[in-house]
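The chain contents come next:
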Amino acid sequence: MRFHILADGDEEALVDLRSWLADNPGTAGVPVATVGGHGPTMGVLEALDVVLGSAMDIANFTLAYVTWRSVKRNEPPGHGLNGGAGAQRLTHGDSTVDIGHLSAEELADLLRRLNGTRPEGADE
């Protein structure tokens, strides 16, 4: 299953999340690529492209994401997600979902449901 985590103008959050996922033993092997902007926003980091291949990948990503979000929200002002909006929306096909408030169980359930319905033309 392939989906995007959107920057929503907060590139720093995406860079931090990508680093977090790469350093986490459970998600280090999950393919995560950056997606840059087109046209006038060329060179701007717009999203992370994430590919999860198994139920274990979904569980590991969910735990890593929710832990990252919790750590970032507890940082002092001026750091991480404190007041920022990045890395809180997920897109899959034509669907966009705010995941910034979901519990680990809710996020895992969402990802499992999305994994059961692939967008047209998807090969993952």
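Structure: above.
What counts and how
- Residues numbered from 1 in each chain as written.
- Predicted model: local features only at pLDDT ≥ 70, side-chain atom pairs only at ≥ 80, totals over all residues.
- Heavy atoms only, no water.
- Helix = DSSP H or I, 4+ residues; strand = E, 2+ residues; numbered from the N terminus.
- Expected span 1.5 Å × (residues − 1).
- Contact = heavy atoms within 4.5 Å.
- Pairing = 2+ DSSP bridges.
- Axes fitted to C-alpha atoms, helices over the stretch in contact; angles between N-to-C directions.
- Parallel < 35°, antiparallel > 145°, perpendicular 65-115°, else oblique.
- Left-handed = near helix turned anticlockwise from the far one by under 90°.
- Nonpolar A, V, L, I, M, F, W, Y, C, P; charged D, E, K, R; others polar.

Given a rise of 1.5 Å per residue, 19 residues ought to cover 27 Å, and the 27 Å separating the end C-alpha atoms of helix α2 (residues 55–73) matches this to within 8%. Each element contacted by the buried residues of α2 is listed here: β1 (2–6), α1 (11–23), β3 (45–51) and α3 (104–116).

Moving on, we get to the sheet that holds β1. Taken in spatial order, the five strands make up an open sheet running β2-β3-β1-β4-β5, and their pairing is antiparallel. Unpaired on one side and paired on the other, β2 (32–36) and β5 (95–98) mark the two borders of the sheet. On average, adjacent strands in this sheet sit at an angle of 30 degrees to one another, irrespective of strand direction. In terms of strand pairing, strand β4 (residues 89–92) meets β5 through four bridges, oriented antiparallel. Along β5, the bridge assignment pairs Leu90 with Val97.

Moving on, we come to the packing of α1 against α2. Look at α1 against α2: their axes get within 10 Å of each other, and the N-to-C directions meet at 130 degrees. The angle between the axes of α1 and α2 places the two elements in the oblique class. Every pair of crossing elements has a handedness; the one defined by α1 and α2 is right-handed. Mapping the contact onto sequence places Ala13, Asp16, Leu17, Trp20 and Leu21 in α1 and Phe61, Ala64, Tyr65, Thr67, Trp68, Val71 and Lys72 in α2. Here the contact of α1 with α2 is composed, by residue class, of nine nonpolar, one polar and two charged.

Any link to function would need more than the numbers given here.
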